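# Remarks on the overall topology
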Amino acid sequence: MVTVSLCMIVKNEEDVLARCLESAADLVDEIIIVDTGSTDRTREIAKNFTDRIYHFDWIDDFAAARNYAFSLAEKDYCMWLDADDVILEADRAAFQELKKALDPAVHVVMAKYNTGFDENGNVTFSYFRERLIKNHTDMRWAGAVHEAIAPSGPVIYGGFAVTHRKTRPSDPERNLRIYEKQLERGETLDPRQQFYYGRELYYHQRYEEAVQVLERFLDEGRGWVENNIDACCHCAYCYERMGQPEWALGPLLRSFAYDRPRAEICCELGRWFFQRENMSLAAYWYSLALTCTRDDSRGGFVSPDCYGYLPCIQLCVCYSRLGDLRRAERMNELAASFKPDAAPVLHNRAFFQSLAVGR
């Protein structure tokens, strides 16, 4: 059985660190904690789980800190977690099975990262990340922000997930501040960093700048296909926020130049036509969303609702407004197969039942 080093970088995580380590400590063979300047009880809490606690001077570079943590690892594989991550019970069992069966020739194990949830705890947003990396290879973290490792060698997709459970907001200015310091120093952002810089500008409501950065990223043609598709979506969001919704259609359609339609894009197109009261075209795009095959292994951001519940519930509304109530009711029941207790489903069901009583 292979051995695993859990390598973490932390700062002021006293509220979540114990929760994280309790979920992972018995799954790994050593724990390495790299502290970047905590002023709370983080180091004290870490001592309950490991004596391998180190300091790293923070230099506004997440990749540098993670590479330092990985350099201290002594086991077969390095695994990373953020302090507000947890491994849930079902995923702990899957992790143990993977660890027992893992072929040592594998260089990277990709695992699902669940980061968005609805009010019932159901996953609404997820994507695959490189989670276990073979030690003593030349793979290194890159990127001061949104750091990543470019996998090389044999890669497999593990059957376990890591769940991101925030208890408080992080510094909302940090990422943008790091990017803008890089640009002030005359540094050139690589395609991945350019993409995320554009997203940070969007989050900060600097929509015109975001569009310029993201469209330049697309025009240069060096981006990963999944980032290209997401950039198209965010360009559309920017145009809507800028009061130019008619311009949003172009970027959404541009996404089809990079790969076959994603359900997320089809739902955005459905929404675009729905907002313009064009129910026939809205229904077309929502119906197309239902034909899209979900493939999380592509590595892009996935909104599970777009592959079932969302287009169904929207089709219910579209068909109702088009006067096809029987079809609308069928779509509501199909939506219920995904989320039986969703408020819109229950509301629509009551509406259709009232019509049946009146007939």
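Residues numbered from 1 in each chain as written. Predicted model: local features only at pLDDT ≥ 70, side-chain atom pairs only at ≥ 80, totals over all residues. Heavy atoms only, no water.

A count of helices and strands for the protein chain gives 14 helices and 10 strands. Here the C-alpha atoms of the protein chain give a radius of gyration of 23 Å, agreeing with the 21 Å that 2.2 N^0.38 yields for 359 residues. Expressed as a percentage of its 359 residues, the buried residues of the protein chain come to 51%. At a minimum sequence separation of 6, the contacts of the protein chain that also span at least 24 residues come to 65%. Summing over all exposed atoms, the protein chain offers an accessible surface of approximately 17,000 Å²; the carbon and sulfur share of this is 50%. Of the charged side chains in the protein chain, 43 are positive and 55 negative, and the gap between their average positions amounts to 3 Å. (Helix = DSSP H or I, 4+ residues; strand = E, 2+ residues; numbered from the N terminus. Rg over C-alpha atoms; globule rule 2.2 N^0.38 Å. Buried < 20%, exposed > 50% of the residue type's maximum accessible area, 1.4 Å probe, protein only. Contact = heavy atoms within 4.5 Å. Areas by Shrake-Rupley, 256 points an atom, 1.4 Å probe, with all protein chains shown as cover. Lys, Arg positive; Asp, Glu negative; His and termini not counted. Charge placed at Lys NZ, Arg CZ, Asp CG, Glu CD.)

This paragraph deals with the sheet that holds strand 10 (residues 155-164). In spatial order, the strands read 3-2-1-4-7-6-10-5; together these 8 strands make up an open sheet with mixed pairing. Because the sheet does not close on itself, it has two edges, and the strands there are strand 3 (53-55) and strand 5 (85-86). Sheet strands touched by helix 1 (residues 17-24): strand 1 (4-10), strand 2 (30-35) and strand 5. Its angle to strand 1, the strand with the most contacts, is close to 175°. In the packing of helix 3 (residues 62-71) onto the sheet, the strands contacted are strand 1, strand 2, strand 3, strand 4 (77-80) and strand 7 (123-134), and the crossing angle to strand 1 comes to about 145°. (Pairing = 2+ DSSP bridges. Axes fitted to C-alpha atoms, helices over the stretch in contact; angles between N-to-C directions.)

Under the defined criterion, the tally for this structure stands at 33 salt bridges. The salt bridge involving Glu-240 is made with Arg-271; its shortest N-O contact spans 3.2 Å. In this pair, Glu-240 is assigned in helix 8 (residues 225-241) and Arg-271 in helix 10 (residues 263-275), connecting sequence segments 31 residues apart. One salt bridge in this structure joins Arg-321 and Glu-277, with 3.6 Å as the shortest N-O distance. (Salt bridge = Lys/Arg side-chain N within 4 Å of Asp/Glu carboxyl O.)

Linking two cysteines covalently through their sulfur atoms gives a disulfide. Taken as a whole and assessed by the stated rule, the structure comprises 0 disulfides. Left unpaired, Cys-78 is separated from the closest cysteine sulfur, that of Cys-7, by 4.5 Å. This cysteine, Cys-292, is not joined by any disulfide, and Cys-266 carries the nearest cysteine sulfur, 4.0 Å off. (Disulfide = S-S within 2.5 Å.)

This part covers the packing of aromatic side chains. Evaluation of the coordinates by the stated rule reveals 22 aromatic pairs. On the numbers, 5.7 Å between centres and 55° between planes, the contact of Tyr-179 with Tyr-197 is tilted. Residue Tyr-179 is found in helix 5 (residues 174-184), and its partner Tyr-197 is found in helix 6 (residues 191-203); the two are separated by 18 residues along the sequence. The exposure classification of Tyr-179 matches that of Tyr-197, with both residues buried. Relative to Trp-285, the ring of Phe-256 lies with its centre 5.9 Å away and its plane at 20°, an arrangement referred to as stacked. One end of the pair, Phe-256, is in the loop between helix 9 (249-254) and helix 10; the other, Trp-285, is in helix 11 (residues 279-291), with 29 residues separating them in the sequence. Using a relative accessible area of 26% as the deciding quantity, one classes Phe-256 as partly exposed. Residue class for Trp-285 comes out buried when judged on its relative accessible area of 12%. Ring-pair connections join several aromatic residues into one group, and the members of that group are Phe-70, Trp-80, Tyr-113, Phe-125, Tyr-127, Trp-141 and Phe-301. Above the ring of Trp-80, the side-chain terminus of Arg-131 is found at 3.8 Å from the ring centroid. One cation-aromatic arrangement involves Arg-276 over Trp-272; the distance from NZ or CZ to the ring centre is 3.9 Å. (Phe/Tyr/Trp six-rings, centres within 6.5 Å; stacked < 30°, edge-to-face > 60°. Lys NZ or Arg CZ within 6 Å of the ring centre and 35° of its normal.)

Think of an α-helix as turning once every 3.6 residues; residues three or four places apart then point the same way. With 14 residues, helix 7 (residues 207-220) extends 20 Å from end C-alpha to end C-alpha; this agrees with the ideal 20 Å at 1.5 Å per step. If you check which residues of helix 7 are buried, you get Tyr-207, Ala-210, Val-211, Val-213, Leu-214, Phe-217 and Leu-218. Turning to helix 7, the residues buried within the fold contact helix 6, helix 8 and helix 9. Directly beyond the C-terminal end of helix 7, a positive phi value near 70° is found at Gly-221. (Expected span 1.5 Å × (residues − 1).)

The next thing to look at is helix 10. For helix 10, built from 13 residues, the straight-helix expectation of 18 Å at 1.5 Å per residue is met to within 8% by its first-to-last C-alpha distance of 18 Å. For helix 10, the tally of buried residues reaches 11 of 13 residues, placing the bulk of the element in the interior. Packing partners of the buried residues in helix 10 comprise helix 8, helix 9, helix 11 and helix 12 (309-321). Just past helix 10, the residue Glu-277 takes up positive phi, approximately 60°.

Right, let's get into the environment of Ala-263. Examined against the element boundaries, Ala-263 turns out to sit in helix 10. Residue class for Ala-263 comes out buried when judged on its relative accessible area of 0%.

Okay, a nonpolar patch on the surface next. Taken together, the side chains of Leu-290, Leu-334 and Phe-338 present a nonpolar region at the surface, about 240 Å² in accessible area. Position of Leu-290 among the secondary structure elements: in helix 11. (Patch = residues over 30% accessible without salt bridge, like charges linked within 9 Å, V, L, I, M, F, W, Y side chains within 5 Å.)

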